[in-house]
Structure formats: C-alpha cells, structure tokens
Number of protein chains: 2
Amino acid sequence: MSSQPFIVKPGDNITLSNVEQDCKPERIPDYTGTFQKKGETKKPLKKLNKRLLKLQELLYAESKHALLIILQGMDTCGKDGTIRKVMAGINVQGCEVVNFKVPSSDEIARDFLWRAHKAVPKKGMIGIFNRSHYEDVLVVRVHDLVDESVWKKRYQQINDFEKMLVENGTVVLKFFLHISKDEQKERLESRINDPTKHWKITEADIRERSYWDDYMQAYESVLQKCTTQWAPWYIIPANRKWYRNIVITERIVETLEKLDMNYPKPNSDVSTLYVD
Amino acid sequence: MSSQPFIVKPGDNITLSNVEQDCKPERIPDYTGTFQKKGETKKPLKKLNKRLLKLQELLYAESKHALLIILQGMDTCGKDGTIRKVMAGINVQGCEVVNFKVPSSDEIARDFLWRAHKAVPKKGMIGIFNRSHYEDVLVVRVHDLVDESVWKKRYQQINDFEKMLVENGTVVLKFFLHISKDEQKERLESRINDPTKHWKITEADIRERSYWDDYMQAYESVLQKCTTQWAPWYIIPANRKWYRNIVITERIVETLEKLDMNYPKPNSDVSTLYVD
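Calculation rules
Residues numbered from 1 in each chain as written. Chains lettered and ligands numbered in written order. Predicted model: local features only at pLDDT ≥ 70, side-chain atom pairs only at ≥ 80, totals over all residues. Heavy atoms only, no water. Helix = DSSP H or I, 4+ residues; strand = E, 2+ residues; numbered from the N terminus. Rg over C-alpha atoms; globule rule 2.2 N^0.38 Å. Buried < 20%, exposed > 50% of the residue type's maximum accessible area, 1.4 Å probe, protein only. Contact = heavy atoms within 4.5 Å. Areas by Shrake-Rupley, 256 points an atom, 1.4 Å probe, with all protein chains shown as cover. Phe/Tyr/Trp six-rings, centres within 6.5 Å; stacked < 30°, edge-to-face > 60°. Lys NZ or Arg CZ within 6 Å of the ring centre and 35° of its normal. pLDDT = per-residue confidence, 0-100. Patch = residues over 30% accessible without salt bridge, like charges linked within 9 Å, V, L, I, M, F, W, Y side chains within 5 Å. Salt bridge = Lys/Arg side-chain N within 4 Å of Asp/Glu carboxyl O. Pairing = 2+ DSSP bridges. Axes fitted to C-alpha atoms, helices over the stretch in contact; angles between N-to-C directions. Polar contact = N/O pair within 3.5 Å; in protein donor to acceptor, adjacent residues only side chain to side chain.

**A look at the overall build of chain A**
- Secondary structure assignment for chain A yields 13 helices and five strands.
- For 276 residues, the compact-globule formula gives about 19 Å, and the C-alpha radius of gyration of chain A, at 20 Å, lands near that figure.
- Residue burial in chain A is summarised as follows: out of 276 residues, 52% are buried.
- Counting contacts in chain A only where the partners sit at least 6 residues apart, residues at least 24 apart contribute 81% of the total.
- Accessible area for chain A stands at about 13400 Å²; split by element, carbon and sulfur atoms hold 49% of it.

**Some details on the packing of aromatic side chains**
- In total, this model carries 22 aromatic pairs over all chains according to the counting rule given.
- Both rings, one in Tyr31(B) and one in Tyr243(B), keep their centres 5.9 Å apart while their planes meet at 80 degrees; by these two values the pair is edge-to-face. One end of the pair, Tyr31(B), is in the loop between helix H1 (19-22) and helix H2 (42-62); the other, Tyr243(B), is in helix H12 (residues 241-258), with 212 residues separating them in the sequence.
- Judged by relative accessible area, which is 25%, Tyr31(B) ranks as partly exposed.
- With relative accessibility at 0%, the residue Tyr243(B) sits in the buried group.
- Grouping aromatic residues by their ring pairs yields a cluster made of Phe6(A), Tyr31(A), Phe35(A), Trp242(A) and Tyr243(A).
- Here the guanidinium or amino end of Arg154(A) rests over the ring plane of Phe112(A), the centre of that ring lying 4.5 Å away.
- The ring centre of Trp114(B) lies 4.0 Å from the NZ or CZ of Arg110(B), which sits over that ring.

**Here we look at the confidence of the model for chain A**
- For chain A, mean pLDDT is 93; residues scoring 70 or higher make up 97% of the total.
- In the predicted complex, the global pTM is 0.89; the interface-specific ipTM is 0.80.

**What about a nonpolar patch on the surface?**
- Among the surface-exposed residues, Tyr60(A), Tyr263(A) and Trp199(B) lie close enough to one another that they form a single nonpolar patch of about 270 Å² accessible area.
- Among the structural elements, Tyr60(A) can be located in helix H2 (residues 42-62).
- Residue classification places Tyr60(A) among the partly exposed positions, given a relative accessible area of 31%.

**A closer look at the sheet that holds strand S5 (residues 233-237) of chain B**
All names here are of chain B.
- Taken in spatial order, the five strands line up as S2-S3-S1-S4-S5 in an open sheet, and their pairing is parallel. Pairing within the sheet leaves two strands with one partner each, and these edge strands are strand S2 (95-99) and S5. Sheet twist, expressed as the mean angle between neighbouring strand axes with direction ignored, is 20 degrees.
- In terms of strand pairing, strand S1 (residues 66-73) meets strand S4 (residues 170-178) through eight bridges, oriented parallel. Of the residues in S4, the one forming a bridge with Leu71 is Phe175.

**As for the environment of Arg251(B)**
Residue and element names in this part refer to chain B.
- Within the secondary structure, Arg251 sits in helix H12.
- Given a relative accessible area of 0%, Arg251 falls into the buried group.
- Separated by 154 residues in sequence, Arg251 and Val97 have C-alpha atoms that sit 18 Å apart.

**Brief notes about the sheet that holds strand S2 (residues 95-99) of chain A**
Residue and element names in this part refer to chain A.
- An order of S2-S3-S1-S4-S5 is seen for the five strands of this open sheet, with the pairing classed as parallel. Strand pairing shows two members of the sheet lacking a second neighbour, S2 and strand S5 (233-237), which therefore form its edges. The mean angle between the axes of side-by-side strands here comes to 20 degrees, regardless of whether they run parallel or antiparallel.
- Contacting strand S1 (66-73), S2, strand S3 (126-130) and strand S4 (170-178), helix H3 (residues 79-86) runs over the sheet at an angle of about 145 degrees to S1.

**Comments concerning the interface of chain A and chain B**
- If you look at the interface, chain A gives 38 residues, while chain B gives 39 residues.
- Where chain A packs against chain B, one counts zero salt bridges.
- Our count for the chain A to chain B interface comes out at ten residue pairs in polar contact (both at pLDDT 80 or more).
- Elements supplying a minimum of two residues to the side of chain A that touches chain B: H2, H3, S2, helix H9 (181-193), helix H10 (203-209) and helix H13 (268-271) of chain A.

The structure is reproduced here in structure tokens:
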C-alpha cells in the first residue's frame, strides 16, 4: 500500500468533523482499507515489526539519521497502544519515548519549542513524542492559554523548527490518530465501567470532550498549516486499533527503507589489530 | 532457581581473576546451571519476557516504585545484548536506557553522582544504566584520573546515594556481567574478523584489555564494598549469552514479583461519570 492515501499534502482542505460527506474514504475513522477484521493484520504486522527491528539496528549502526515520530490525537485515540504495538520487539536501547504533559515552571519560562528541542532524538535513535510541541497550538488555543496573536505565529515557527531538524539529519513523521466522537464515547465508557481501568481516567478527560468541535478546528489548522514537504502529517483512521497499528508501522518501515542506509564500511585499521 | 547463588553478600570475599580455584561454581564465567545448551533456555526465556511485560504494566499503573537496573562489565561482556534480549517485548514507553560515556565538560564540573542522579527513572518506569556511576571507581581508578584519596571515598558515597534512592521508592538491581579474559579475546577477534562489525570496535578497546588485571581488582572492590542489603550486586556468569539472559531476566521478574504490586483501586467518583 502506498503512503499517499493518508498523507496530507500542502493545500489539502481538511474537514475532520464532517468527514463522511465530503472526504475521501480513508479520511473516515472507521476505514480499514482492504482488511475486513482484526485477525487479518496479525501476521503482516508481525512481519513488519521484524523488519522494523532490522531497520532500527541499521539506523543505530549507521548513526547518520535520527527518526522523530510525533503522535497526536484526542484522548483515548490510542497513542499509548500505538507505541506498545508498533514498537513491539524493538530494541529499547535505540528508542526513547517522551511524554509531553503540562509544562513545568522551568519550561513555561522559555519559548514553547525549548522543551521539544531538548528532547529530540540523537542520531541513530528513534524518538517518539507522545503529544508534542503541537499542544501549543491545540490545548493552548482551545483554552485561550495565550493570546491569539501569540499562537498564530507558532505554525510558521514549528515549520521552521522542523525544517531545521530535517536539514540536520532528523526524519520527522507526524501521525494524527483520527477517531470519531462516538468511538471516544465508547472508549471512555468502557474505562468508567471497568474498575481496573479507573486509574486511566479523570473527570478532566470528560470535561475536555465537551470541547470536541473546538479541538477539531484546531487540528484542522495544524494539519493544513503544518504539513510540509519535509515533515508531512498523516491522518490515520484510528477507530480500529488493529488497522491503525499496521498503517503506522507500514509508514515507519517505508520511511526507513527510503533512507537507503548501510552498515559502516569495514575499517582496514581494525583488520590489523592484534588481541593479546 | 533462587537468586542466592549469584548475589554478593556483605562480607563475601570476591576473587574474580582466580575463580576456578577458590570459588563457588556459579562464580565461574562458563557456568550454565542446570542448562546444557542454548536451545534449552529459549522457551523459559520467552515465558519470562511475557511475565516481565505484565509486571511492567503493573509497575506503570501503580507508579509507586521505579526499577533501576545497573549493568557493568568489561568490554564485550554483553551489556547491549542483555538489554536487547532481556527487554524483548517490553513496552518502550515504560523503559529508559541511559548510556554513560566519557563525561561532558558540564558533567565533569560537578560531583560524579550528578549525572547519575539526573538520569534515575521516574516512578512507574524501568531505567537501565548501561555503565553507570560505578565507572568513577573503575576506569577512573585504573587510569588514575583522580587522586586515590578522592575515589576511595566514593564507595561510601555510592552506598549512601543508593540507600536514599531505595528509601524513596526506587528498587536497585546491579549486575556484573562476568566474562573470562579468554572469552573477551574471542569476542574481540570475531569483531575484527567480521568487517560488518568493525563499527563496534576501536583500537582503544584493545588497549583497555591490557589493564585486565587492574580492572578485576577494581571490580573486586566494587563488588565487596558496594553490595548492600538495600542494593546488592549480582555476579552473572556471562560467557554463555543465553544463560546470562535467562539469569538476569529471572532476577528482574523475581524482584518485581516481590513488590506485591496492585492495580490502583477503583475510584467511586469515576463510576458516576457520565459521557455525553
């Protein structure tokens, strides 16, 4: 499958709230492509996981590039589950997950990109941002945490920042995990109804849901203004977890394959070493 | 198998260089316990990996404890391989690997524990130190990088530091991967003879080998002076990689089982939430 159906191209018109009427089928959260049900993706996913491990080793050995994966989406959209399933079998030493929560006082005292920049992966590594600097044009915008004149400038600032990363050897992949409002309702209810899942939920999560439309608007801006040639956004249909996982893993594998990496050249100085 | 054969007890006399003559069988790098060959540990290791994933989820959900795993040993002893195999299938989001290399100028300008302290895992997380603050009484001692009067005080400083960590909710596991000098020779030679492995080796690695006896002496001090009730050292027979992996995974699983962790209690306030 080519990555084209999920990529957002500069100039694309994105309407997240109203997808059924005016969008391509792959923009609908329920979309599952050529797959019908869960079991069908199990084998191909396992194969992709194995391929990803090989590519990660190569990335690490070559250490020319870093891979930064940015995951965004509404509460319960599956960011944690994606990390668990897509990265299953990866070498933990080559992968770093960074969670962006409410900024600390130290972080809030700097520009919004400061903590993101501090957390970018080293060459050879896969870095995953679970939420990211995009929160500064999402939650910040929805809840008026800074003036509009401030957050409006951030789209361009983000594009410039990501361009600099890419030009210096970091590959940037950005996934919006797209679930429907109904699917979120089901997932929240299942957490409420299962006492062992209560630790995963707070009243604040329910409160955030009432801002759904505002968030969709904020995400539309992000997807339109911050999809670039160098760091495109992908909209991932995410109502079906198993489909979400295979699509994202495919994108990552595909991206790493394109880097055309090689193991470092044999070193003739090493060949002559003598071990006593 | 109980952890007792591998643990170093306070007061134990450790002689690493001369193990065959005067030590327990499990102190010999070639030791493989009740196992005869590689294939035999495959199934039990897979089972342990699965159990470890469950325990990690629980550690994360409960977030009362952190687990800090310290890996030390001579070059080629298998620290990287241990991380790959023991942590196979773990959720990368709950695990953080920190590599301690030559200290930066910012690090050298502080006390030797500063960078270790900065890197300790959060509650809920498994942190792995690939090398650690112990290098400050190992390489530093062998190469006279600071005065003896300075490094001699560090054993107690390390014990106090680790005690503080443990008293504040971090479980500390310390593994010395014990290979023989002959085994290191084989492993270095196999890297020299395989051009695709040249990137893993430098002339400096060979040079370090000439300090083998000094390192063994330095390790003996570490193991004797820094094995404590709260943070014991384990000596892991590591000539056979497959045996090393299963022994370490067993220790980790065993340690987490003992924490007697529970999923956070159901929250009655959550049960009454209504999703619109």
